[in-house]
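Next come the chains, spelled out residue by residue.
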Protein chains: 2
Amino acid sequence: MPGAENEVTIPEDRLLDLAVRALERGGMRAQDATAAARVLVLADLFGLRTHGISRIPQYLDRVRVGGIDARAEVQVARVAPGLAMVDGRNGIGPLVGMRGLEAALEGARAAGIGAAFARGSNHFGPIMPYALLAAEQGFATIIASNATTTIAPWGGKDTRLGNNPFGIGVPNPGGDPVILDMALSVAARAKIREFAARGEPMPEGWATDAEGRPTTDAAAALKGFLLPVGGHKGYGLAIMVDLLAGLLSGAAYLTHVRAWDKDPGVAQDLGHVFIAIDASRLGSAEWLRERMADFAAIIHDTPPADPARPVMLPGEREMAALGRQRREGVRVAAKDLRKVEELAEASPSG
Amino acid sequence: MPGAENEVTIPEDRLLDLAVRALERGGMRAQDATAAARVLVLADLFGLRTHGISRIPQYLDRVRVGGIDARAEVQVARVAPGLAMVDGRNGIGPLVGMRGLEAALEGARAAGIGAAFARGSNHFGPIMPYALLAAEQGFATIIASNATTTIAPWGGKDTRLGNNPFGIGVPNPGGDPVILDMALSVAARAKIREFAARGEPMPEGWATDAEGRPTTDAAAALKGFLLPVGGHKGYGLAIMVDLLAGLLSGAAYLTHVRAWDKDPGVAQDLGHVFIAIDASRLGSAEWLRERMADFAAIIHDTPPADPARPVMLPGEREMAALGRQRREGVRVAAKDLRKVEELAEASPSG
């Protein structure tokens, strides 16, 4: 595996412990650090390393310059039996995310379906960990967040829209839940940076130049805009996510979202939405188990176009990684682990 | 306008009256016919003619061969304050859809957020009419349905997944709601049929041949599969829609959905999901009005790549058509109107 020599394997509980200590040393209360670390370690377990413990140094850099408040007391206001509004008070994103998820689950326990609209937040990690935690308790979820602007509205030439992540999860009492977690651009900006660094042309349809014209020149694309998946359809979905997660939550939206990389010391005021549905109200666990097994069998039995690549369900690769890494330990980049270890050993701030 | 000579303009109230009478003559109770006709006439008002009154002859053909029950008594079971399960009893789709929407709104009035999971249904028209009716009452919505299989799972070569429509709507007290209503294929099958009829190659990326290989040969594509928007991302979203709308609702899903065109006399057992959020619990009408106006202004002010094509919000074109056609009358195909007139004049069935 390329770069494998720069990777290390660490048991889940040790990684979690390190992450909790690093976040505590960065100023978080113990209970809050545990909630946030859980999301990030689950990201690494899924193999989503760009959204795992590698984010801790970045989060704590922003705490140091006053851009995030590590000691924020997240506020939850229940506005209806199934509905809560969460004010993250500019806390660490995965902490606000966990409080939002919990509020949505509480609503769903009371009303069958619940939602939490969160404002005053920051980058909350990937969606998959939240969807997994809900599915393990029998809840289907729809979860989304807005983000720093990197996409031009369809037909436009200015970045006014985030590459907003959107996810749906469905529980499965007989096995792995099915979880979709996607951003709405064709390709991630980080991939375009790799092509630019190698001086190679990138595939068509990934991005435009600064004038909004389609390009395969990666350097020009970095001055331009990411293209949404499916053209106007992905654009439409990115808009609707911002309306739900940003506008309706009372958070910033569109160009009101501050870029954390350009203004690390300023609050981003990101917004998230969490919707949870208590699947046990819709049918018995046995009923759901049988239907999920049948559904998966129909998909897995599809004749593959390439016999070497069987057809998979959304999130199936990540669920397999989770199972394997829980048994065998979590693979992380050595440099990421080293940084978190250093932060965990540092003298407490504040 | 090409084909304009085959179009006629008819006032909304006259079109609605004709549609109601045609559905009543087809066997529906007056109140049920009014609910279903409202959805279809709204589709025509939006300019979505393929999902408007042109569907009435098709629906009633299926009633005649026993594939749909025009007199079905739709059942609504409230399983939690915010949650209802709807059994369409194989009724006309837009009737089941309207009962589902009403049940979701009832849940949202009680709990702040509500959902209805509907089974035993048929083609329910476009999503936009339901989202509009909810938005007019101050509710945001997430609405989806499964459909006859026309898409191959990503990497597979057999149609096992529907081109499932998915929509999100957000109310706007100061003007038009923003509504996304999209299917999950790159292009509609009807468009591919047009290329095949003209013997012309179609654009890349629309479909595969029967072996799952990408093709621009429209005739080969008609024997193959539609491609989902954004490749694996659109595939993932289509799967999640079927899990929510089909599997969790207790309806048929994937290949269990019967094709209405191949088996017109057999119940399809389609499923829908309606989620409604009472936006008035999140903030005042004034707060929402200001934010929606600001959001729209940021998008509309985006410099366009083509100065002749300003940047638009999802559903903006359809909302403009609705306003114009409510004032000036509804444009429909003369042949579609003639068929509905004939059905409205026919002697009652049953």
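What you see is a predicted model, and the numbers here were worked out from it, not measured in a lab.

## Observations regarding the domain arrangement of chain A
Residue and element names in this part refer to chain A. Domain annotation for chain A reports domain 1 (4-185 + 228-282 + 322-345) and domain 2 (285-313). Tallying the contact residues gives eight residues for domain 1 and six residues for domain 2. Here domain 1 packs against domain 2, burying approximately 610 Å² in sum over the two surfaces, 81% of which is carbon and sulfur. For the pair domain 1 and domain 2, the interface holds zero salt bridges. Considering only residue class, the side of domain 1 that touches domain 2 consists of six nonpolar, two polar and no charged.

## Notes on the interface of chain A and chain B
Listed as interface residues are 79 residues of chain A and, on the opposing side, 79 residues of chain B. The junction of chain A with chain B conceals about 6,400 Å² of combined surface from both sides, 76% of it contributed by carbon and sulfur atoms. For the pair chain A and chain B, the number of links is zero salt bridges. No other element matches helix H8 (residues 232-247) of chain A, which puts 11 residues into the side of chain A that touches chain B. Classifying every residue of the side of chain A that touches chain B gives 51 nonpolar, 15 polar and 13 charged.

## Observations regarding the pairing of strand E13 (residues 270-278) of chain A
Residue and element names in this part refer to chain A. When you tally the buried positions in E13, you get nine out of nine residues, the bulk of the element. Where burial is concerned, the two faces of E13 agree: the one with Leu270, His272, Phe274, Ala276 and Asp278 and the one with Gly271, Val273, Ile275 and Ile277 are both buried. With seven bridges joining them, strand E5 (residues 139-145) and E13 adopt antiparallel strand pairing. Of the residues in E13, the one forming a bridge with alanine 144 is valine 273.

## A short note on the packing of aromatic side chains
Under the definition given, this model contains 11 aromatic pairs over all chains. With a centroid separation of 5.5 Å and 40° between ring planes, the pair formed by tyrosine 253 of chain A and phenylalanine 295 of chain B is classed as tilted. Highlighted residues: tyrosine 253 of chain A in the loop between H8 and E13 and phenylalanine 295 of chain B in helix H9 (residues 285-300), drawn from two different chains. Pair check on accessibility: tyrosine 253 of chain A and phenylalanine 295 of chain B agree, each one buried. Ring pairs connect the aromatic residues Phe124, Tyr130 and Phe274 of chain A, which therefore count as one cluster. Its guanidinium or amino end placed over the ring of phenylalanine 195 of chain A, arginine 198 of chain A lies 4.9 Å from that ring's centre, counting from NZ or CZ.

## Let's talk about the sheet that holds strand E8 (residues 166-170) of chain B
Residue and element names in this part refer to chain B. Read from one edge of the open sheet, seven strands run E2-E3-E4-E13-E5-E8-E9, paired in mixed fashion. Each edge of the sheet is formed by a strand with only one pairing partner; in this case those strands are strand E2 (75-80) and strand E9 (178-182). Adjacent strand axes in the sheet meet at a mean angle of 10°, parallel and antiparallel pairs treated alike. Judged from the five bridges that link them, E2 and strand E3 (residues 83-87) form a sheet pairing that is antiparallel. The residue of E3 that forms the bridge with glutamine 75 is aspartate 87. Of the strands in this sheet, strand E5 (139-145), E8, E9 and strand E13 (270-278) are in contact with helix H5 (residues 128-136), which crosses E5 at around 160°.

## Considering the sheet that holds E13 of chain A
Residues and elements named next belong to chain A. Read from one edge of the open sheet, seven strands run E2-E3-E4-E13-E5-E8-E9, paired in mixed fashion. The open sheet terminates on both sides in strands that have one partner only, identified here as strand E2 (75-80) and strand E9 (178-182). Between one strand and the next, the sheet's axes are offset by a mean angle of 10°, whatever the strand orientation. Pairing of strand E4 (residues 113-121) with E13, which is carried by seven bridges, proceeds in the antiparallel orientation. When the bridges of E13 are listed, alanine 115 appears paired with isoleucine 275.

## Some thoughts on helix H1 (residues 12-25) of chain B
Residues and elements named next belong to chain B. Along its 14 residues, H1 runs 20 Å from first to last C-alpha, staying within 8% of the 20 Å computed at 1.5 Å per residue. When H1 is considered as a whole, its buried residues turn out to be Leu15, Leu18, Ala19, Val20, Ala22 and Leu23. In the core, the buried residues of H1 are packed alongside strand E1 (7-10), helix H2 (30-45), helix H3 (56-64), strand E14 (330-333) and helix H11 (334-345). Phi turns positive one or two residues past the end of H1, at glycine 27, with a value near 120°.

## Observations regarding the relation of the copies chain A and chain B
Once chain A has been moved 0.0 Å along the axis and rotated by 180°, it coincides with chain B to within an RMSD of 0.0 Å. A rotation of that kind, with that shift, is consistent with a two-fold axis. Closest approach to the rotation axis within chain A is made by the C-alpha atom of glycine 230 of chain A, at a distance of 2.4 Å. Interface overlap between copies is the fraction of interface residues in one copy that are interface residues in the other; for chain A against chain B it reaches 100%, indicating a shared surface.

## So, the environment of methionine 128 of chain A
Checked against the element boundaries, methionine 128 of chain A lands in helix H5 (residues 128-136). For the pair methionine 128 of chain A and valine 257 of chain A, spaced 129 residues apart in the sequence, the C-alpha separation amounts to 23 Å.

## Some remarks on empty space enclosed by the protein
Per the stated rule, a full pass over the model turns up four cavities of 30 Å³ or more. In this structure, the largest cavity spans a volume of roughly 60 Å³. Along its surface, the largest cavity is lined by Met182, Leu184, Val229, Lys233, Gly234 and Leu237 of chain A together with Met182, Val229, Lys233, Gly234 and Leu237 of chain B. Secondary-structure elements contributing two or more residues to the lining of the largest cavity are H8 of chain A together with helix H8 (232-247) of chain B. The residue makeup of the lining of the largest cavity, split by class, is seven nonpolar, two polar and two charged.

## Focus: the packing of helix H2 (residues 30-45) of chain A against H5 of chain A
Residue and element names in this part refer to chain A. At their nearest, the axes of H2 and H5 sit 8 Å apart, and the two run at 100° to each other. Our classification of the angle between H2 and H5 gives roughly perpendicular. Contacts between H2 and H5 involve Arg38, Val39, Leu42 and Ala43 from the former and Pro129, Tyr130, Leu132 and Leu133 from the latter. Among the residues making up the contact of H2 with H5, the classes are represented as seven nonpolar, no polar and one charged.

## Quick word on H2 of chain A
Residues and elements named next belong to chain A. With 16 residues, H2 should reach 22 Å at 1.5 Å per residue; the first-to-last C-alpha distance of 22 Å fits that figure. Of all 16 residues in H2, 12 are buried; the element is thus mostly enclosed. Tucked inside the fold, the buried residues of H2 contact helix H1 (12-25), helix H3 (56-64), helix H4 (93-111), H5, helix H10 (316-328) and strand E14 (330-333). Among the residues trailing H2, glycine 47 stands out with phi positive, at a value near 85°.

## Thoughts on the nonpolar core
Formed by 106 residues in total, the largest nonpolar core has its most connected members in Ile239 and Leu248 of chain A together with Ile239 and Leu248 of chain B. Once residues within four sequence positions are removed from consideration, isoleucine 239 of chain A is found in contact with Leu161 of chain A together with Val178, Phe295, Ile299, Leu313 and Pro314 of chain B.

Conventions adopted
Residues numbered from 1 in each chain as written. Chains lettered and ligands numbered in written order. Predicted model: local features only at pLDDT ≥ 70, side-chain atom pairs only at ≥ 80, totals over all residues. Heavy atoms only, no water. Domains from an automatic or database assignment. Contact = heavy atoms within 4.5 Å. Buried area = accessible area lost by both parts, 1.4 Å probe. Salt bridge = Lys/Arg side-chain N within 4 Å of Asp/Glu carboxyl O. Nonpolar A, V, L, I, M, F, W, Y, C, P; charged D, E, K, R; others polar. Helix = DSSP H or I, 4+ residues; strand = E, 2+ residues; numbered from the N terminus. Buried < 20%, exposed > 50% of the residue type's maximum accessible area, 1.4 Å probe, protein only. Pairing = 2+ DSSP bridges. Phe/Tyr/Trp six-rings, centres within 6.5 Å; stacked < 30°, edge-to-face > 60°. Lys NZ or Arg CZ within 6 Å of the ring centre and 35° of its normal. Axes fitted to C-alpha atoms, helices over the stretch in contact; angles between N-to-C directions. Expected span 1.5 Å × (residues − 1). Least-squares fit on C-alpha atoms with pLDDT ≥ 70 in both. 1 Å grid on protein atoms, 1.4 Å probe; cavity = no way out; pocket = protein on both sides within 12 Å on 5 of 7 lines; lining within 4 Å. Points joined across faces, edges and corners; volume = space filled by probe spheres on them. Parallel < 35°, antiparallel > 145°, perpendicular 65-115°, else oblique. Core = buried A, V, L, I, M, F, W, Y, C linked by side-chain atoms within 4.5 Å.

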